[in-house]
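# Results of the structural survey
Listed below, chain by chain, are the residues.
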Amino acid sequence: MSDSEQSVTKTTAQSLKGRHFLTLLDYSTAQLQGLVSLAAQLKQQHKEGVPYRPLAGKTLAMIFAKASTRTRVSFETGMYQLGGHALFLGQDDIQLGRGETVADTARVLSRYVDGIMVRTFSHSDVVELARCASVPVINALTDRFHPCQALADMMTLMEQFGDVKGRKLAYIGDGNNMAHSLLAGAVKFGMHVAVAAPPGYEPLADIVAECRSIGKETGGTVTITNEPQVAVAGADAVYTDVWASMGQEAETAERLQAFQQFQVGESLLAQATEHAVFMHCLPAHRGEEVTAGVIDGARSVIFEQAENRLHAQKAILASLL
């Protein structure tokens, strides 16, 4: 790193040291910009083969109540590249899966490790874990938020467009944890975000209200609609997610019916700007929420998003731990 880049890295790391990372709503625009800047620096440094190991001797406990390809590999690889060690803990590997309380798990792990990453169902469990832990807790996905993915998405958009302030992001589909985190990330960076979901599947009202309030300070706006064409019109990025997330398998048939008019296909994408990119957090179901032609087409940046999970999370780890 250059001296100026090292200065940015050091400032970001010092300002966030010891904090939890549960939702983007907990961080200021400047702090999120600092994390994205650090992620970009770490990405460039890694591609140049220059080692950066600020976490030598440190360990991250990774609690998985929900399986994942990207989350496990990116966090484990990220800790290794930063000089630390990641410890995978599935439900069958720890007593949390056999009735030990979240509070006791947090207190015990805090005596052993330097940080805790958790991917689970209930957001309240992550909040409780953070309340009782004496080390940083990182939310790698809950039913309410997916902040690591959204931070990587903001990084991806900045790589595509530079400054994203004033740009429009359209999200089509379920008003789920991904929609909530994109709303938060977009307005924090001064973007206009439009979410199109079927009636009854809109984002949670309290999160929408908080994001609209943030937008008054940053210049970002929030639109919630039941019309995909309204959301996509004039968009610089069109985003979607699976219609039935892990844990919602029993609702699959009902959701397929409810969301059938919300597929992102070539005709819908054509209503965005000519330079619009397509985004998806993966895994994807081609032929359901998106056509193969769109997700595998020239406008798709899904693998850039996936790659940036590694670098965005390295920035989080290097700063918090």
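Before going into details, it helps to say that this report is about the structure given with it.

Here the focus is the sheet that holds strand β7 (residues 221–225). Across the sheet, which stays open at both edges, the 5 strands sit in the order β7-β6-β5-β8-β9 with parallel pairing between neighbours. Two strands in the sheet have a free side with no partner beyond their single neighbour: β7 and β9 (277–280). Strand-to-strand twist of the sheet, defined as the mean angle between neighbouring strand axes without regard to direction, takes the value 20 degrees. Pairing of strand β5 (residues 168–172) with strand β6 (residues 192–196) involves 5 bridges; the strand directions are parallel. Residue pairing for β6: I172 is matched across the bridge by A196. Relative to the sheet, helix α6 (residues 147–161) contacts β8 (237–240) and β9, its axis offset from that of β9 by approximately 165 degrees.

Glancing now at the sheet that holds strand β2 (residues 85–90). Taken in spatial order, the 4 strands of this open sheet run β2-β1-β3-β4, and their pairing is parallel. Every other strand in the sheet has two partners, leaving β2 and β4 (137–141) as the edge strands with one partner each. Looking at each pair of strands side by side, their axes are set apart by 20 degrees on average, direction ignored. In terms of strand pairing, strand β1 (residues 59–64) meets β2 through 6 bridges, oriented parallel. Pairing of F64 across the sheet is with G90, part of β2.

On to the pattern of salt bridges, then. Tallying each qualifying case throughout the model produces 10 salt bridges. With its nearest N and O atoms 2.4 Å apart, the salt bridge here joins R144 to D206. Remark: D206 occurs in helix α8 (residues 205–218) and R144 occurs in the loop between β4 and α6; sequence separation between them is 62 residues. The exposure class of R144 is partly exposed, given its relative accessible area of 24%.

To continue, consider helix α5 (residues 123–132). Regarding α5, the residues found buried are H123, V126, L129, A130 and C132. Buried residues in α5 make contact with β1, α4 (102–110), β3 (115–119) and β4.

Relative to the 20 Å expected for 14 residues at 1.5 Å per residue, α8 spans 20 Å between its end C-alpha atoms, a close match to the ideal helical length. Within α8 the residues assigned to the buried category are I207, V208, C211, I214, G215 and T218. Burial along α8 is one-sided: seen end-on, the buried residues are contained in an arc of 125 degrees. Exposed residues on α8 whose side chains face more than 90 degrees from its buried face are A205, K216 and E217. Against the buried residues of α8 lie α2 (29–47), α7 (177–188) and β7. Directly beyond the C-terminal end of α8, a positive phi value near 90 degrees is found at G219.

Rules behind the numbers
- Residues numbered from 1 in each chain as written.
- Predicted model: local features only at pLDDT ≥ 70, side-chain atom pairs only at ≥ 80, totals over all residues.
- Heavy atoms only, no water.
- Pairing = 2+ DSSP bridges.
- Helix = DSSP H or I, 4+ residues; strand = E, 2+ residues; numbered from the N terminus.
- Axes fitted to C-alpha atoms, helices over the stretch in contact; angles between N-to-C directions.
- Contact = heavy atoms within 4.5 Å.
- Salt bridge = Lys/Arg side-chain N within 4 Å of Asp/Glu carboxyl O.
- Buried < 20%, exposed > 50% of the residue type's maximum accessible area, 1.4 Å probe, protein only.
- Expected span 1.5 Å × (residues − 1).
- Arc of directions from axis to C-beta.

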